[in-house]
Amino acid sequence: MRYTPRATAVLLSTCLALPLRAQMRAPIYKPGTLNANQQVAHDIYKELIEINTGMKTGSVTPAATAMAKRFRDAGIPESDIFVGGPRPDKYNVVARIHGRGASGRKPLLLLAHIDVVEALKADWSPDLDPFVFTERDGYYYGRGTADDKAMASIFVANTIRMVRDHVVPDRDIIVALTADEEGGGSNGVDWLLKNHRDLVDAALVINEGGGGTLRNGKPLFNSVQATEKVTTNITLRATNRGGHSSVPRADNAITALADALSKVGRHSLPVRFNDVTRAFFAKTAVVEEPALGAAMKALVANPADAAALAVVSADPRYNSMLRTTCVATMLSGGHATNALPQLAEATVNCRLFPTDTPEVIRSELERLVNDTTVHVMMQGVTRQPAAPSPLLAELFDPVTQITHDMWGSLPVIPVMSTGATDSRYFRALGIPSFGVSGLFSDPTVDARAHGRDERMRIQSYYEGQEFLWRLTNALATSGWSAVP
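This structure is a prediction, so every number in the text was calculated from the model and none was measured.

Trainee: What's the story with the sheet that holds strand E19 (residues 455-457) in this structure? I'm lost.
Mentor: Whether parallel or antiparallel, the strands of a sheet pair through hydrogen bonds between backbone atoms. An order of E4-E5-E19 is seen for the 3 strands of this open sheet, with the pairing classed as antiparallel. The strands lining the two open edges of the sheet, one partner per strand, are strand E4 (134-136) and E19. The mean angle between the axes of side-by-side strands here comes to 25°, regardless of whether they run parallel or antiparallel. Note: E4 against strand E5 (residues 139-141), 3 bridges, orientation antiparallel. Residue pairing in the sheet places Glu 135 in a bridge with Tyr 140 of E5. Packed on one face of the sheet, helix H15 (residues 458-476) meets E4, E5 and E19 and runs near 70° to E19.

Here you go:
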């Protein structure tokens, strides 16, 4: 085709008429260069990482008070900032931006926890310290870089940006940074809801639990967590009268426990689907490898398809989304090298599919073990599963639009977390809660939360900051355009 001046003019006008998302997308992050908003996020991120907020060896309170100071310095009135908790080392911080109120909508809550799993320097690579914010080879390293101080720092930075840019939303926006999500008896969300519900009462909650998936360095899909499994610990305990090890008998507590654990370890609980997981597998099938994708489609159509189930469940991540899982995580037994054991005990950690209940699973394990010398007992307080959050167009429409604007026509897929988040407390009250971050990672190399050398891809961090800025505005300001 020859490009005459008229044809060139028509082509140019056509390109200019295209939506911005269809044109060349400018990169959000340029390596080695941070814009002013990114620098604020970077500094907050670094400050949070370098405060040890481990459940036992650290304290959450210094992080909460540091973020309260950030809010004050940005101009949020003292009356709209709350710092407090059940213990001096377990403080939470809550800040509120007041909207116009004309919409009549209840607030939007941005939720992140600022406690972290314990980390010892000796367990990390020699040149990394879990509580030193380290930049290397395109990643930020440090305990909490992925779970959950990335979202916490982004929420604080974006709140500061909103105040300084004089953005007044149509509804109130609440930021809550909380303690003990990773364990302990002072969970910040639970405490706030029981003691100061007015501070965090909202119509919609944005939290951790979702994010983007990379494959070979390229975005594959963006996920939104709308439900999650429930953690239940079950104790298997074998007891025996014991005796001298020089006269062994057939009834041995350790042997009985080993037999019981072998049965539990080999057993697969039934396949379950709900609206969230059914949508997850149906949509993931489109972007997965052909054979795996075909098996996913077949399994959604017929959960009893044994051949399809074998293919899908071969991937541990997908298998954990298909059913309740129970796995032995702790073991103890015996009291002397020359004595028959009188007690042997194991902890079995179960992650319950939301339609299962702790007692049903305990009974199933008891039936499976089938040994009266092994007692199968619930360990501690168990929580009942909460119903999944409804897949609201109010959330999914802007998430989809912003995802397409930033990364192209990626699918947005609802997902069930196999781990637990603080969204469960809000879902139990009927408040829709979603895990959505826009933070992309490759689960084959970046799944380091709770483990050695935890890290966050630098490009993903700043893209997540921009994604959450746009999403917050879209959810809180009528007429907001997701395209800048």
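Trainee: In this structure, what is going on with the nonpolar core? I would like to understand it.
Mentor: Here is a general trend for soluble globular proteins: nonpolar side chains tend to be buried in one another's company. Counting 67 residues, the largest nonpolar core has Leu 177, Tyr 461 and Phe 467 as its most contacted members. If we skip the residues at most four places from it in the chain, Phe 467 touches Asn 222, Val 399, Ile 402, Thr 403, Met 406, Trp 407, Val 436, Ser 437 and Gly 438.

Trainee: Just to check I follow, could you spell out the side chain of Ser 423 for this structure?
Mentor: Inspection of the secondary structure puts Ser 423 in helix H14 (residues 423-427). Residue classification places Ser 423 among the buried positions, given a relative accessible area of 0%. Ignoring sequence-local partners within four residues, the contact set of Ser 423 consists of Asn 207, Gln 225, Glu 228 and Ser 433.

Trainee: Could you clarify how one ought to interpret the state of the cysteines in this entry?
Mentor: By definition, a disulfide links two cysteine residues through a covalent bond between their sulfur atoms. Under the defined criterion, the tally for this structure stands at 1 disulfide. Sulfur-sulfur distance for the disulfide between Cys 326 and Cys 350 comes to 2.2 Å. Around the S-S axis, the bridge from Cys 326 to Cys 350 shows a dihedral of about 115° and counts as right-handed. Taken together, the residues Cys 326 in strand E12 (residues 325-333) and Cys 350 in strand E14 (residues 343-352) connect sequence positions 24 residues apart. We classify Cys 326 as buried; its relative accessible area is 15%. The exposure class of Cys 350 is buried, given its relative accessible area of 0%.

Trainee: Help me out: how do you make sense of unusual backbone geometry in this one?
Mentor: A negative phi angle is the norm for most residues apart from glycine, just as the trans form is the norm for most peptide bonds. With an omega of 10°, the peptide bond running from Asp 147 to Asp 148 counts as cis. Here Asp 148 shows up in the loop between E5 and helix H4 (149-164). Phi is positive for Asp 137, which is not a glycine, with a value near 50°. Position of Asp 137 among the secondary structure elements: in the loop between E4 and E5.

Trainee: Before we go on, may I ask you to explain the confidence of the model for the protein in this structure?
Mentor: Parts of the prediction with low pLDDT should not have their coordinates interpreted in detail. When pLDDT is averaged along the protein, the result is 92; 93% of the residues meet or exceed 70. Below pLDDT 50 for its whole length, residues 1-24 participates in 11 contacts with residues either more than four positions away or in separate chains.

Trainee: It is not clear to me how empty space enclosed by the protein should be interpreted in this structure. Could you clarify?
Mentor: The gaps left among the atoms become clear once a water-sized probe is rolled over them. In total, this model carries 3 cavities of 30 Å³ or more according to the counting rule given. Estimated volume of the largest cavity: approximately 60 Å³. Around the largest cavity, the lining residues are Leu 110, Phe 155, Asn 158, Thr 159, Met 162, Ile 173, Leu 468, Trp 469 and Thr 472. Here the lining of the largest cavity gets 4 residues from one element, more than from any other, and that element is H4. Its residues assigned to classes, the lining of the largest cavity shows 6 nonpolar, 3 polar and no charged. Quantified by volume, the second largest cavity comes out at close to 40 Å³. Lining the second largest cavity, in full, are Thr 227, Glu 228, Val 230, Pro 385, Ala 386, Arg 424 and Arg 427. Contributions of two or more residues to the lining of the second largest cavity are made by strand E9 (218-228) and H14.

Trainee: What is the right way to look at helix H3 (residues 61-74) in this model?
Mentor: Given 3.6 residues per helical turn, the α-helix brings residues three or four places apart onto the same face. Compared with an ideal rise of 1.5 Å per residue, which puts 14 residues at 20 Å, H3 spans 20 Å between its outermost C-alpha atoms and is within 8% of the ideal. Those residues of H3 not exposed but buried are Thr 61, Ala 63, Ala 64, Ala 66, Met 67, Ala 68, Phe 71 and Ala 74. Where H3 is buried, its residues meet helix H2 (36-49), strand E1 (81-84), strand E2 (92-97), H4 and strand E6 (173-178). Just past H3, the residue Gly 75 takes up positive phi, approximately 110°.

Procedures and definitions
- Residues numbered from 1 in each chain as written.
- Predicted model: local features only at pLDDT ≥ 70, side-chain atom pairs only at ≥ 80, totals over all residues.
- Heavy atoms only, no water.
- Pairing = 2+ DSSP bridges.
- Helix = DSSP H or I, 4+ residues; strand = E, 2+ residues; numbered from the N terminus.
- Axes fitted to C-alpha atoms, helices over the stretch in contact; angles between N-to-C directions.
- Contact = heavy atoms within 4.5 Å.
- Core = buried A, V, L, I, M, F, W, Y, C linked by side-chain atoms within 4.5 Å.
- Buried < 20%, exposed > 50% of the residue type's maximum accessible area, 1.4 Å probe, protein only.
- Disulfide = S-S within 2.5 Å.
- pLDDT = per-residue confidence, 0-100.
- 1 Å grid on protein atoms, 1.4 Å probe; cavity = no way out; pocket = protein on both sides within 12 Å on 5 of 7 lines; lining within 4 Å.
- Points joined across faces, edges and corners; volume = space filled by probe spheres on them.
- Nonpolar A, V, L, I, M, F, W, Y, C, P; charged D, E, K, R; others polar.
- Expected span 1.5 Å × (residues − 1).

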